[in-house]
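Architecture at a glance
Residues per chain, in single letters:
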Amino acid sequence: MSGMTRFGMSMEEDLLDKFERYMKRKGYTNRSEAIRDLIRDALVKDEWDGGEADSIGTVTIVYDHHSRELSSKLTHSQHQNIGQVVAAMHVHVDAHHCLEALILRGKGRDVKTLGDHIVGTKGVVHGQMTFTTLEAIV
Ligand code: NI
């Protein structure tokens, strides 16, 4: 990490009030740290969109395991992309539902394509993906 540089910033009062409330809700006590986190988030998103950077995506899905075809499709997707699925955790949530948390790694574009495919598989009750890249933030 490089040294810190100070810089001034101007902002409308209304916007600052909203930002202060956002910081309080998120538990920030330091305005600079809150702004740094927002900038890191924007840079990660930008790199992700660029598609080439080494990226890590976390995909969480919930599905009904009674649908054999769905379980089989989801397992098939993971085996077909074995190099990109670096970890998988399966939790039996209740009598019907399973939750899977998958860690995907590869070029941003490829990770996003696979994650979107898994989340969008018909029968997935809920799914979401978060992502990060090291190049943008370290
Ligand atoms: Ni299960």
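Model, not experiment: these values are computed from the prediction. (Residues numbered from 1 in each chain as written. Predicted model: local features only at pLDDT ≥ 70, side-chain atom pairs only at ≥ 80, totals over all residues. Heavy atoms only, no water.)

**Re helix α1 (residues 13-26)**
The following threshold applies: In this text, helices come from DSSP runs of H or I with a minimum length of four residues, and strands from runs of E with a minimum of two, each type numbered from the N-terminal end. To estimate the expected span of a helix, count its residues, drop one, and scale the result by 1.5 Å.
Taking 1.5 Å per residue as the helical rise, α1 with its 14 residues ought to reach 20 Å, and the 20 Å between its terminal C-alpha atoms agrees with that figure. With its phi angle positive at about 85°, G27 sits one or two positions after the end of α1.

**Some words on a positive patch on the surface**
To keep things clear, this is the line we draw: For patch building, the residue pool is restricted to those with more than 30% relative accessible area and no salt bridge; the joining distance is 9 Å between like charges and 5 Å between nonpolar side chains (Val, Leu, Ile, Met, Phe, Trp, Tyr). Each accessible area value is a Shrake-Rupley result obtained with a 1.4 Å probe; residue values ignore everything except the protein chains displayed when judging cover. The term salt bridge refers to a side-chain nitrogen of Lys or Arg lying within 4 Å of a carboxyl oxygen of Asp or Glu. We treat Lys and Arg as the positive residues and Asp and Glu as the negative residues; His and chain ends play no part in the count. For this purpose, a charge sits on NZ of Lys, CZ of Arg, CG of Asp or CD of Glu.
On the surface, a cluster of positive charge is made up of K18, R21, R25 and K26. Of note, R21 is situated in helix α1.

**Some details on the coordination of the nickel ion**
In an ideal tetrahedron of four donors about a metal, each angle is 109.5 degrees. In an ideal octahedron of six donors, the angles are 90 or 180 degrees. Selection criterion: With water omitted from the atoms examined, metal sites may look incomplete; donors here are N, O and S atoms no farther than 2.8 Å from the metal, or 3.2 Å in the case of Na, K and Ca. Burial classes follow relative accessibility: with a 1.4 Å probe on protein chains only, a residue under 20% of its type's maximum area counts as buried, one over 50% as exposed, and anything between as partly exposed.
Those protein atoms acting as donors to the nickel ion are H90 (NE2), H92 (ND1) and C98 (SG), and they sit at 2.0 to 2.3 Å. Read N to C, the donor residues that coordinate the nickel ion are spaced as H-x1-H-x5-C. Using a relative accessible area of 37% as the deciding quantity, one classes H90 as partly exposed. Under the relative-accessibility criterion, H92 is labelled exposed at 64%.

**Things to note about the environment of K112**
Definition in use: Contacts are assigned to residue pairs that have any heavy atoms within 4.5 Å of one another.
Residue position: K112 is located in helix α4 (residues 108-119). Overall, K112 belongs to the partly exposed group, its relative accessible area being 34%. With residues up to four places along the chain from it excluded, the contact list for K112 reads W48 and M129.

**As for the side chain of T133**
Residue position: T133 is located in strand β4 (residues 124-133). Dropping the residues within four chain positions of it, T133 is found in contact with V44, E47, A53, D54 and S55.

**Considering the environment of I82**
Mapped onto the secondary structure, I82 falls in the loop between α3 (68-80) and β2 (85-92). C-alpha separation for the pair I82 and T5, spaced 77 residues apart in sequence, amounts to 43 Å.

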